[in-house]
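Structural overview for review
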Amino acid sequence: MGFFARCSIACLSTGLALSVPSAASGQEPPKIGVVNFQEVALGSKAGKAAKARLGKLAEKLRKEVKAEEAKRLARQKDLEAATSRLTPAERQHRAATLQRDEAVFQRLLEDKTEELKQAETKSVTELARQIDLILKAYAAEKGFTVILEARSLGLLYFDKNLDLSAEIVKRFDRTSK
């Protein structure tokens, strides 16, 4: 996180503290909670299911890449074994073919890596959307003024009694399909 982002968080935190009405003025103090998004996402049934789906996809993609790599290595071994029998033109042709195979393999590796990244992004985005809905409903129901991310760089300390993560996981599991 950059300097300006940290400064913004610090200013926001200071501004929040200064704008909070005091109990002496007769107004209710703000109700603040903290949630560890990662704990909610990975601890929920939906998060565990998404992690399992991503694990299966990663394994499938890994097998595809490994199979292509084995084919490429076999062709390379064939060339090395046949080098002494080939004419210079044939050796050059096969070497060029291997170079093209290597380029194709690298593109395949990049494509599969990108496919996995996109699947991860889609899963995290969907989890975040669902958690956000549950969190907003919980905050409204329980009268929370502010709910902060527990792992935020601007959050230096909080009393563990403010941590709502376990309750949000329970609610998320109840509402998940």
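Before reading on, note that the structure itself is shown above.
Along the protein, the regular secondary structure elements total five helices and two strands. With 177 residues in all, the protein has 23% of them scored as buried. For the protein, restricting intrachain contacts to residue pairs at least 6 apart in sequence, the fraction spanning at least 24 positions comes to 81%. For the protein, the exposed area adds up to about 12500 Å²; of that, 59% sits on carbon and sulfur atoms.

The next point concerns helix α3 (residues 45-82). The first and last C-alpha atoms of α3 sit 55 Å apart over 38 residues, in line with the 56 Å expected at 1.5 Å per residue. The set of residues buried in α3 consists of Ala46, Gly47, Ala50, Leu54, Leu61, Val65, Arg72, Leu79 and Ala82. Those residues of α3 that are buried lie in contact with α2 (37-43), α4 (88-142) and α5 (165-175).

What follows covers the packing of α4 against α5. For the pair α4 and α5, interaxial distance at closest approach is 10 Å and the crossing angle is 115 degrees. Classed by the angle they form, the pair α4 and α5 counts as roughly perpendicular. Here the hand of the crossing between α4 and α5 comes out right-handed. Only Glu167, Ile168, Arg171, Phe172 and Thr175 of α5 make contact with α4, whose side of the interface consists of Leu127, Gln130, Ile131, Ile134, Leu135, Tyr138, Glu141 and Lys142.

Core analysis: the largest hydrophobic core is formed by 16 residues, its most contacted members being Val35, Val40, Leu127, Ile131, Leu164, Ile168 and Phe172. Looking at which element gives the most residues to this core, the answer is α4, with six residues. Aside from chain neighbours lying at most four places away, what touches Val40 is Val35, Ile131, Ser165, Ile168, Val169 and Phe172.

Helix-helix packing is characterised by the crossing angle of the two axes and by the distance between the axes. Running from N to C, α3 and α4 cross one another at 180 degrees; their axes reach a closest spacing of 10 Å. Between α3 and α4, the interaxial angle falls into the category roughly antiparallel. Taken together, the residues of the contact of α3 with α4 break down into 17 nonpolar, four polar and twelve charged.

What follows is about a nonpolar patch on the surface. Nonpolar side chains collect at one region of the surface, where Ile32, Leu148 and Leu162 lie side by side and expose about 190 Å² of accessible area between them. By the element assignment, Ile32 lies in strand β1 (residues 32-35). Judged by relative accessible area, Ile32 falls into the partly exposed class, the value being 31%.

This part is about the side chain of Ser123. Along the chain, the position of Ser123 falls in helix α4. Judged by relative accessible area, which is 15%, Ser123 ranks as buried. Ignoring any residue separated from it by four or fewer positions in sequence, one finds Ser123 in contact with Ala50 and Leu54.

For the rest of this paragraph, the subject is the packing of aromatic side chains. Scanning the entire structure with this criterion turns up one aromatic pair. On the basis of an interplanar angle of 25 degrees and a centroid distance of 5.8 Å, the ring pair of Tyr138 and Phe144 is categorised as stacked. With respect to burial, Tyr138 and Phe144 carry one shared label: buried. The ring of Phe144 carries Lys31 above its face, with NZ or CZ at 4.8 Å from the centroid.

Right, let's get into the pattern of salt bridges. Per the stated rule, a full pass over the model turns up 14 salt bridges. Between Glu102 and Arg72 there is a salt bridge, with the nearest N and O atoms lying 2.7 Å from each other. Placement of the pair is Glu102 in helix α4 and Arg72 in helix α3, with a sequence separation of 30 residues. Take Glu102: its relative accessible area is 28%, and that puts it in the partly exposed class.

Taken together, the buried positions of α5 are occupied by Ser165, Ile168, Val169, Arg171, Phe172 and Asp173. Those residues of α5 hidden inside the fold are in contact with β1, α2, α3 and α4.

Rules of the game
Residues numbered from 1 in each chain as written. Predicted model: local features only at pLDDT ≥ 70, side-chain atom pairs only at ≥ 80, totals over all residues. Heavy atoms only, no water. Helix = DSSP H or I, 4+ residues; strand = E, 2+ residues; numbered from the N terminus. Buried < 20%, exposed > 50% of the residue type's maximum accessible area, 1.4 Å probe, protein only. Contact = heavy atoms within 4.5 Å. Areas by Shrake-Rupley, 256 points an atom, 1.4 Å probe, with all protein chains shown as cover. Expected span 1.5 Å × (residues − 1). Axes fitted to C-alpha atoms, helices over the stretch in contact; angles between N-to-C directions. Parallel < 35°, antiparallel > 145°, perpendicular 65-115°, else oblique. Left-handed = near helix turned anticlockwise from the far one by under 90°. Core = buried A, V, L, I, M, F, W, Y, C linked by side-chain atoms within 4.5 Å. Nonpolar A, V, L, I, M, F, W, Y, C, P; charged D, E, K, R; others polar. Patch = residues over 30% accessible without salt bridge, like charges linked within 9 Å, V, L, I, M, F, W, Y side chains within 5 Å. Salt bridge = Lys/Arg side-chain N within 4 Å of Asp/Glu carboxyl O. Phe/Tyr/Trp six-rings, centres within 6.5 Å; stacked < 30°, edge-to-face > 60°. Lys NZ or Arg CZ within 6 Å of the ring centre and 35° of its normal.

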